[in-house]
Amino acid sequence: MLLQLTKDEERILDGEKGEGLRKMMKLIVGLATISGAEKLIEIESAHISGISYQNIGDEGLSFLEWLVEEGVHVSVPTTINPAAIDLYQQGYTHDEFYKKQERIVNAYIKLGAKPTLSCTPYFLDNIPSPGSHLAWAESSAVIYANTFLNAYTNKESGLSALAAAVIGKTGYYGLHVDENRKPQIAIKVVADISSSLDFGILGYRIGELVGDKIPVIVGKSPKTIPERKQFVAGLSASGTIGMVSFSNNLISNENRIDVIEIDNKEMLNVKSRFSSLDVDIVYLGCPHLSLSEIKELAILLQKRRVKNGKSLLLYTSISAYKIANEEGLVRIIENSGARIFAGACPVFNPSMYKGVIGTDAIKTAHYLKATKSSQIAISNTILLIESVTEIR
Ligand code: F3S
């Protein structure tokens, strides 16, 4: 069936409400049409990625500023992903890069988005109601929302999430439709999984194996926030799927689907692609640290200090940073010699730190290895902290 638009939607598409809205509607309608949607549906919220200047460049910046001039405004609660740098702390204020990054964030503020600058909007800034339809970009947040929060969202691009935020609607296709959320392949996990890093590696391997098929995972499921975050980030780094489901048993014979097994050998295979060198800089907070994780790190760092020549860099959202600051946690962390950045992403950061990078996030490892040819080591959070700090 062809896409049916309401009279109001047609008027926007005909440009009656301005060129900015027309362009946004054209994108929504184009995507809905090629995806076979019959109608547009209202969304509860949007989350936009592609905030980093490194990512969208001058072209993206000009487009955003053009939308502002056109008087375009979001029509649903909208949050945004991290920027390349922490605009409030890093002391880049005279850089061209800083100025352009600041203009991007300012343009989003003028468009009506909340400057949350976080890839974990589901913690504090943009918590979906169960069963709600969303238009979220940032693939790890999409998988988190679909898998753990009972929300419905496709994996939007930064631009399509912006268009949906403005129109307040998206096409009814893909993961918005119950029928399309059924498992198409089973992953039986027989590997030993004991840490959030293990869950990150498991997610990464599943992403590589399943292609575009939604998997049901049998045998293991992430329970804690760090485990869930690393699992979805691993999946998002290596794969294209927007959700997974979990089961205690393999699906019955009537619904027979292919089964792939993941054992310890498979897990070691992924680990062996990254170095085990001594690290100089440790990045934690991909996806962004939650407030409870910051609390745990502050407790750990209370009696430790960063060793000479080493760096410990933590990344979180603006909202979590503000609360952590009020509660004195930022001071404890910084007293140890570690740094905590708000609203920035370690991957898109034009870093001033040099050396072998250690991370507990397979997603950071994957992207830094691919984009910066840095030497990367992956390890557990505690081991990484112990490697760059000492007891005071
Ligand atoms: Fe977030 Fe950047 Fe990692 S956006 S998920 S911290 S790559």
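Below is a summary of the structure that appears in this document. Remember, it's a predicted structure, so these values are computed and weren't measured experimentally. (Residues numbered from 1 in each chain as written. Predicted model: local features only at pLDDT ≥ 70, side-chain atom pairs only at ≥ 80, totals over all residues. Heavy atoms only, no water.)

## So, the overall build of the protein
Thinking step 1. Within the protein, the secondary structure is distributed over 15 helices and 16 strands.
Thinking step 2. Dimensions of the protein, computed from C-alpha atoms along their principal axes, come out at roughly 70 × 60 × 35 Å.
Thinking step 3. Pairs at least 24 residues apart make up 80% of the contacts formed inside the protein by residues separated by at least 6 positions.
Thinking step 4. For the protein, the exposed area adds up to about 17000 Å²; of that, 49% sits on carbon and sulfur atoms.
Thinking step 5. Between the mean site of the 41 positive side-chain charges and the mean site of the 43 negative ones, the protein shows a separation of 4 Å. (Helix = DSSP H or I, 4+ residues; strand = E, 2+ residues; numbered from the N terminus. Contact = heavy atoms within 4.5 Å. Areas by Shrake-Rupley, 256 points an atom, 1.4 Å probe, with all protein chains shown as cover. Lys, Arg positive; Asp, Glu negative; His and termini not counted. Charge placed at Lys NZ, Arg CZ, Asp CG, Glu CD.)

## Considering the sheet that holds strand S6 (residues 185-189)
Thinking step 1. The strand order S8-S7-S6-S9 describes an open sheet built from 4 strands, whose pairing is parallel. This sheet does not close on itself; its edge strands, each paired only once, are strand S8 (245-247) and strand S9 (259-262). With direction set aside, neighbouring strand axes in the sheet form an average angle of 30°.
Thinking step 2. Across 3 bridges, strand S7 (residues 215-218) lies against S8 in parallel orientation. Bridge assignment links valine 216 to a residue of S8, and that residue is serine 245. (Pairing = 2+ DSSP bridges. Axes fitted to C-alpha atoms, helices over the stretch in contact; angles between N-to-C directions.)

## Some details on the packing of helix H2 (residues 19-34) against helix H3 (residues 53-69)
Thinking step 1. Axis separation between H2 and H3 bottoms out at 8 Å; the angle between their running directions is 125°. In terms of axis orientation, H2 runs oblique to H3. Contact residues: H2 offers Glu19, Gly20, Lys23 and Met24, while H3 offers Phe63, Trp66 and Leu67. (Parallel < 35°, antiparallel > 145°, perpendicular 65-115°, else oblique.)

## Things to note about helix H11 (residues 291-301)
Thinking step 1. Along H11, the positions that sit buried rather than exposed are Leu291, Glu293, Ile294, Leu297, Ala298 and Leu301. Down the axis of H11, the smallest arc covering the buried residues is 155°, so these residues share one side. More than 90 degrees from the buried face of H11, the exposed residues found are Glu296 and Ile299. (Buried < 20%, exposed > 50% of the residue type's maximum accessible area, 1.4 Å probe, protein only. Arc of directions from axis to C-beta.)

## What about the side chain of threonine 316?
Thinking step 1. Relative to the helices and strands, threonine 316 is located in strand S12 (residues 311-316).
Thinking step 2. A relative accessible area of 0% places threonine 316 in the buried class.
Thinking step 3. A polar contact is formed between the side chain of threonine 316 and the backbone oxygen of leucine 289, at a distance of 2.7 Å.
Thinking step 4. Discounting chain neighbours no more than four positions away, the residues touching threonine 316 are His288, Leu289, Ile294, Tyr321, Ile340, Phe341, Ala342, Gly343 and Ala344. (Polar contact = N/O pair within 3.5 Å; in protein donor to acceptor, adjacent residues only side chain to side chain.)

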